[in-house]
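Residue-level listing of the chains:
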Amino acid sequence: MRIMLKVYNTLSKSLEEFIPLSPPEVKMYVCGPTPYDHTHVGHVRTIVNFDFIRRYLEFKGYEVFHISNITDVDDKIINRALEKGMYWKELTETYIKEYVEVMNKLNVLSPHVMPKVSDHIEDIVKFISSLMERSYAYESGGSVYFEVDKFPYYGALSGATKEEEWEQELEFLMEKKRPYDFALWKKAKPKEPYWDSPWGPGRPGWHIECSVMSSKYLGEQFDIHGGGRDLIFPHHENEVAQSECAFGKRPWVKYWIHIGYLTVGGEKMSKSLGNIIIAKDVLEKYDADVIRLYMLSTHYRSPLDFTYEGLDQASKNYARILNTIRLTKGLLREMEVPSKLNEEEIRELKVLQKEVERFFKSLEEDFNAMKAMPYLFSILTIMNKAIMEGKNYPLLAYGFSFLKSFSRVFGVAEGEVLEAAKIEGLVGKLIELIIEVRRRRRLAKDWEIADWIRFELNRLGVRLVDQKDKTLWFIKS
Ligand SMILES: [Zn+2]
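About the thresholds
- Residues numbered from 1 in each chain as written.
- Predicted model: local features only at pLDDT ≥ 70, side-chain atom pairs only at ≥ 80, totals over all residues.
- Core = buried A, V, L, I, M, F, W, Y, C linked by C-beta atoms within 7 Å.
- Buried ≥ 20, exposed ≤ 12 C-beta atoms within 10 Å, placed from the backbone.
- Helix = DSSP H or I, 4+ residues; strand = E, 2+ residues; numbered from the N terminus.
- Domains from an automatic or database assignment.
- Contact = placed C-beta atoms within 7 Å.
- Nonpolar A, V, L, I, M, F, W, Y, C, P; charged D, E, K, R; others polar.
- Pairing = 2+ DSSP bridges.
- Axes fitted to C-alpha atoms, helices over the stretch in contact; angles between N-to-C directions.

## Some details on the nonpolar core
Reasoning step 1: Counting 115 residues, the largest nonpolar core has I128, L184 and I379 as the members making the most contacts within it.
Reasoning step 2: Here this core gets 10 residues from one element, more than from any other, and that element is helix α11 (residues 369–389).
Reasoning step 3: Domain assignment of the residues forming this core places at least three in each of domain 1 (7–259) and domain 2 (313–417).

What follows is the structure in structure tokens.
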């Protein structure tokens, strides 16, 4: 019996069968960063887990259209820029660049669009105007607020059912009708960046951007919306209210997926505790593949307490995976294809196939990579026995093709298992040329251009895997 993919939906608070709105297409929007500071390991957990979800859906034959925004207009950015005496755009550009570098190093598939708020102000103004025309929003003191009382389903996503739980943005209490109304447009204060609008100079509130940019690229209803758990309230609750009022369709999003909290020493990362772990520092000490393996070793919904011991354990596991891949690759080249297997070999092959089945069955249960992990190691053990004995070609070949699938879905050890693309003719030669340009820029320590080339090639479906002395390239299949 075929088992369907089950996904935990924050909206229904239950496991549901995954049936996209118009298969094979899956439209996915993931809330991205607010670039006012370094990318930290909490961001990495969210990025890697959504990358894994996307890779798994693609592996299952879905065509994922993936949008991830950048909140480059926000209170935190404005305050930090003022503190540092920097122009806000200079600040955001620095941290956006760092974020993209971290994504690239972590072998994360580039989203198809990474829309920025500052490029979508006109769309946002139009969206707010349409909410006002239908009286879902009101102007007060040069700002515009969403009137929560007009939306009967408020609280359905977060499960916050009492009005006291909805209170937010209390600094605008004097202007708002209710303490739980929220800003769609904020009147500009002195020294703040602003744009013109029918309500005077100002800038968008935080929540409106995601309703606007998701609908612009994905339409009025789509399949998956996600982000970190901390975004459920008020951010995602407010997005639902705005979007369902604007489009008159329910549910706006079919599946809400949220990544669990990442803590350090059992505490939420914060400046005051001094326990923020910056992604690029960890990337200097650990292989990107090890970090991915670590981030995927806990189920995405469970809390994860970040530790270096955990990363060290992932390093050991990674070494085991690499070792088996390399030995198998070598052996498969040397071994002869047998004409017949003995009873024991057939039995071992069946055991391996059972473990592979269990591995994939675990992933069907809400992308449970953690549950799948022990089966991976059991597969490695079975393969290693065959390697030691130098026999059972079909088992090793089957195991190797499993490791290829594992590598593709987890984004781990891809350079070891994928065969470099052989594209004859001009296109192949041009790709080689671009890779050579990138190599030379890297030698000149021009990381910006080198990373940009990698990012743009990735967007075109050409994936680069850097090895010690060469760069392999693959066409996304
Ligand atoms: Zn968002």
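## Concerning helix α5 (residues 208–218)
Reasoning step 1: Among the 11 residues that make up α5, 9 are buried, leaving the element largely enclosed by the rest of the structure.
Reasoning step 2: Among all positions in α5, only I208, E209, C210, S211, V212, M213, S214, S215 and L218 are buried.
Reasoning step 3: Looking at the residues trailing α5, positive phi occurs at G219, about 95 degrees.

## Topic: the domain arrangement of the chain
A common way to express how large an interface is: the accessible area buried when the components associate.
Reasoning step 1: Under the domain assignment, the chain is made up of domain 1 (7–259), domain 2 (313–417) and domain 3 (425–475).
Reasoning step 2: With 5 residues of domain 1 in contact, the opposing surface of domain 3 contributes 5 residues.
Reasoning step 3: Each residue belonging to the side of domain 1 that touches domain 3 can be placed in one class, and the counts come to 2 nonpolar, 2 polar and 1 charged.

## Details of the sheet that holds strand β4 (residues 63–68)
Reasoning step 1: The strand order across the open sheet built from 4 strands is β4-β3-β9-β10, with neighbouring strands paired in parallel fashion. Each of the sheet's edge strands pairs with one partner strand only, and the pair in question is β4 and β10 (253–259). Taken pair by pair, the neighbouring strands of this sheet meet at an average axis angle of 20 degrees, ignoring direction.
Reasoning step 2: The sheet contact formed by strand β3 (residues 25–30) and strand β9 (residues 222–228) spans 3 bridges and is parallel. Bridge pairing in β9 places M28 opposite I224.
Reasoning step 3: Lying over the sheet, α5 contacts β3, β4 and β9, oriented at roughly 150 degrees with respect to β4.

## Structural notes on unusual backbone geometry
Reasoning step 1: Here the amide bond leading from P23 into P24 is cis, since omega sits at 5 degrees, within 30 degrees of zero.
Reasoning step 2: Structurally, P24 can be placed in the loop between β2 (14–17) and β3.
Reasoning step 3: A cis geometry characterises the amide bond from R250 onward to P251, with omega recorded as -15 degrees.
Reasoning step 4: Note that P251 resides in the loop between α6 (232–247) and β10.
Reasoning step 5: If you check the backbone angles, K191 has positive phi at about 75 degrees while not being a glycine.
Reasoning step 6: In this fold, K191 is placed in the loop between β7 (182–187) and β8 (202–204).

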